[in-house]
Amino acid sequence: MKSASTFGQLLPFAIALLGMSLSPAFAQRAPVVQTFDLRVPWQPQPVKVNGQWQLLYELHLDNYAADPLQPKQLRVLDADNRRVLRDYDETALRALLGGPGMSGKKGDATIAPGAHAVVYLNLSFDEAPADLHLTHELSAARDDGTAVQAQGGQLTLRHGPAPVVFSPPLRGGYWVAIYDSAWPRGHRRTLYAVNGAVHVPGRFAVDWIKVDAQGRYTQGDPTDKNHWLGYGEEVLAVADGRIAAALDGMPEPAKVDPGKPTRVPLQDATGNYVSLDLGGGHYVFYEHLKTGSITVKAGQAVHRGDVIGRLGYTGETTGPHLHMHVADANVPLDAEGLPYAFDQFGWVGSYASIGDFGEQKHWLPSASVVVRRGELPAPLSVLSFTPPYVFKAVSPTTKSP
């Protein structure tokens with residue numbers, strides 16, 4: 001047994017060793033900084049578009065730093081094995097950013113302290129993704145160039161029910177599927193927080209507008225709604241169900257101002273509309289219906305193909321069209337948009353851009369009709385809903401008869 005004097009001799013030496021072992025560790029501690037909170041508030045479900053499975057969802061960002069932050073890189077990772085599924089550089093990430101925290105200035109992706117922004121993601125897969133655990137790594141920079149990083153937005157994708165499959169909402173063709181997840185002010189990027197929570201009801205919304213073989217959506221005066229090709233077309237129930245709501249009586253403006261939306265209170269944005277309850281938390285919304293055309297009432301049972309109203313020009317709209325989307329609640333704005341598909345349709349071509357559509361230029365015909373089954377049409381697709389889906393291809397240089 002050592003004497004007390006021996007312990008006294010060893011104690012200063014032990015304290016010295018302890019100090020030597022701790023000092024470098026304290027010196028090497030990384031600084032702790034405030035950065036983004038990353039969240040995925042909605043559980044996404046994959047949907048098939050143009051032969052590929054797509055996973056659409058939103059990564060919400062809240063800047064908790066005291067400084068503005070400039071997003072530089074986003075990596076979507078398979079959290080199980082750290083495999084990088086997608087890697088977006090600054091340019092690609094800038095195109096995906098939106099939300100109320102953005103300045104709105106072209107090319108400015110800075111997110112101010114306390115501001116909220118959204119990354120609108122769309123991941124493509126050859127097979128339906130399942131049993132996938134995702135996380136996100138976001139790199140950003142302060143104004144002085146100092147780099148910061150955040151990781152979060154964990155998401156587990158499991159085998160779940162396939163999207164509901166519908167029969168057509170309209171007859172014949174040609175109908176253009178007007179939507180694109182990249183449009184800054186499109187359905188996908190329009191957030192609503194009307195009852196204490198933010199939602200994207202139009203996540204998979206499509207505006208249906210009828211065109212002819214030359215790409216025209218009007219014949220005659222475009223300010224006259226009666227000259228729009230789709231105006232007054234019958235709108236059909238896409239599935240068996242029960243009418244959850246039906247609102248009629250909202251008047252149509254006397255004139256159409258193409259390209260400029262009518263201005264109405266938020267609660268009237270849908271115009272005259274019908275919602276169809278399919279059960280299981282799925283509601284189909286048909287909006288902007290013609291005044292006095294709705295043929296159903298709340299509580300009524302309907303079947304696939306039943307006429308529920310006519311395509312019109314009510315609510316907030318740039319012209320006569322049918323807006324259709326599926327949501328998880330019977331409220332137009334306070335619900336999440338859900339994916340869906342059509343049992344089949346004939347794809348006959350596409351518009352090169354929304355600008356070409358707006359100028360009524362010719363759409364690009366396919367070499368032959370492609371019958372798509374169990375899919376959602378790709379953005380700006382031109383299609384027919386009625387078999388045998390035949391059409392007469394007209395070259396862009398051919399004059400109309």
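What counts, and where the lines are drawn
Residues numbered from 1 in each chain as written. Predicted model: local features only at pLDDT ≥ 70, side-chain atom pairs only at ≥ 80, totals over all residues. Heavy atoms only, no water. Helix = DSSP H or I, 4+ residues; strand = E, 2+ residues; numbered from the N terminus. Rg over C-alpha atoms; globule rule 2.2 N^0.38 Å. Buried < 20%, exposed > 50% of the residue type's maximum accessible area, 1.4 Å probe, protein only. Contact = heavy atoms within 4.5 Å. Areas by Shrake-Rupley, 256 points an atom, 1.4 Å probe, with all protein chains shown as cover. Lys, Arg positive; Asp, Glu negative; His and termini not counted. Charge placed at Lys NZ, Arg CZ, Asp CG, Glu CD. Core = buried A, V, L, I, M, F, W, Y, C linked by side-chain atoms within 4.5 Å. Pairing = 2+ DSSP bridges. Axes fitted to C-alpha atoms, helices over the stretch in contact; angles between N-to-C directions. Salt bridge = Lys/Arg side-chain N within 4 Å of Asp/Glu carboxyl O. Phe/Tyr/Trp six-rings, centres within 6.5 Å; stacked < 30°, edge-to-face > 60°.

Trainee: I'd like a rundown of the overall build of the protein chain, residues and numbers included.
Mentor: A count of helical and extended segments in the protein chain gives three helices and 22 strands. What you see for the protein chain is a C-alpha radius of gyration of 27 Å, clearly larger than the 21 Å of a compact globule of 401 residues, by over 25%. Out of the 401 residues in the protein chain, the part that is buried amounts to 47%. Counted over contacts in the protein chain with a minimum sequence separation of 6, partners at least 24 positions apart contribute 73%. Just so you have it, the protein chain exposes about 19,200 Å², and 54% of that area is on carbon and sulfur atoms. Placing the 35 positive and 39 negative side-chain charges of the protein chain at their respective mean positions leaves the two points 3 Å apart.

Trainee: Give me the nonpolar core: which residues, what numbers.
Mentor: Here is a general trend for soluble globular proteins: nonpolar side chains tend to be buried in one another's company. By size, the foremost hydrophobic cluster in this structure holds 38 residues, and its most contacted members are Phe-166, Trp-208, Tyr-286 and Tyr-340. Put simply, the parts of the chain that give this core at least two residues each are strand S2 (47-49), strand S11 (175-178), strand S12 (206-210), strand S15 (272-279), strand S16 (282-289), strand S19 (322-327) and strand S20 (340-350). Leu-69, Leu-85, Phe-125 and Ala-140 belong to the second-largest nonpolar core, a separate cluster that totals 34 residues.

Trainee: Please give an account of the sheet that holds strand S5 (residues 83-88) that cites residues and values.
Mentor: Reading across from one edge, S5-S4-S8-S9 is the order of the four strands in this open sheet, with antiparallel pairing throughout. The two strands at the open ends of the sheet, each matched to only one other strand, are S5 and strand S9 (147-157). On average, each strand axis in the sheet is tilted by 20° relative to the strand beside it, whichever way the strands run.

Trainee: Go over the pattern of salt bridges with me, naming the residues and quoting the values.
Mentor: For the structure on display, the rule yields 18 salt bridges. We note a salt bridge from Arg-203 to Glu-58, for which the minimum N-O separation is 2.7 Å. Here the residue Arg-203 occupies a position in the loop between S11 and S12, and Glu-58 occupies one in strand S3 (residues 52-63), the gap between them amounting to 145 residues. Across the pair, Glu-58 and Arg-203 agree in class, each one buried. Where Arg-75 meets Glu-137, a salt bridge forms, and the shortest distance between an N and an O atom there is 2.8 Å. Linking Arg-75 in strand S4 (residues 70-78) with Glu-137 in strand S8 (residues 132-141), this pair joins segments that are 62 residues apart in sequence. Judged by its relative accessible area of 17%, Glu-137 falls in the buried class.

Trainee: Describe the pairing of S4, listing the residues and the values that go with them.
Mentor: Sheet topology note: the S4/S8 ladder contains eight bridges and is antiparallel. Bridge assignment links Arg-75 to a residue of S8, and that residue is Glu-137. Adjacent in sequence and paired antiparallel, S4 and S5 are bridged by four residues, among which Arg-82 carries a positive phi angle near 60°.

Trainee: Describe in detail the pairing of S15, supporting the description with residues and values.
Mentor: As paired strands, strand S14 (residues 241-247) and S15 are joined by five bridges and run antiparallel to one another. When the bridges of S15 are listed, Ala-246 appears paired with Val-274. Here S15 pairs with S16 via six bridges, running antiparallel. Its bridge partner lying in S16, Asn-272 is registered against Leu-289. Following S15, the chain reverses through two residues before pairing antiparallel with S16; Gly-280 in that reversal takes a positive phi of roughly 65°.

Trainee: How would you summarise unusual backbone geometry if you had to cite specific residues and measurements?
Mentor: That bond from Gly-173 to Tyr-174 is cis: its omega, 0°, falls within 30 degrees of zero. Turning to its location among the elements, Tyr-174 is positioned in the loop between strand S10 (164-166) and S11. The omega torsion of the bond from Pro-387 to Pro-388 falls at 5°, within 30 degrees of zero and hence cis. Here Pro-388 is to be found in the segment after strand S22 (381-384).

Trainee: I'd like to hear about the environment of Gly-215, residue by residue, with values.
Mentor: Summarising the element assignment, Gly-215 is placed in the loop between S12 and strand S13 (234-236). Taking C-alpha positions, Gly-215 is 36 Å from Ala-329, a pair spaced 114 residues apart along the chain. Setting aside its immediate chain neighbours within four residues, Gly-215 contacts Tyr-351, Gln-360, Lys-361, His-362 and Trp-363.

Trainee: Summarise the packing of aromatic side chains; cite the residues concerned and give the values.
Mentor: All chains considered together, the criterion is met by eleven aromatic pairs. Ring plane angle 35° and centroid distance 4.8 Å describe the contact between Tyr-217 and Trp-228, whose orientation is recorded as tilted. Of this pair, Tyr-217 sits in the loop between S12 and S13 while Trp-228 sits in the loop between S12 and S13, and the two are eleven residues apart along the sequence. In terms of burial, Tyr-217 and Trp-228 fall into one category: buried. Ring centres 5.4 Å apart and planes at 90° place the aromatic pair Tyr-351 and Phe-357 in the edge-to-face group. A single burial state applies to Tyr-351 and to Phe-357, both of which are buried.

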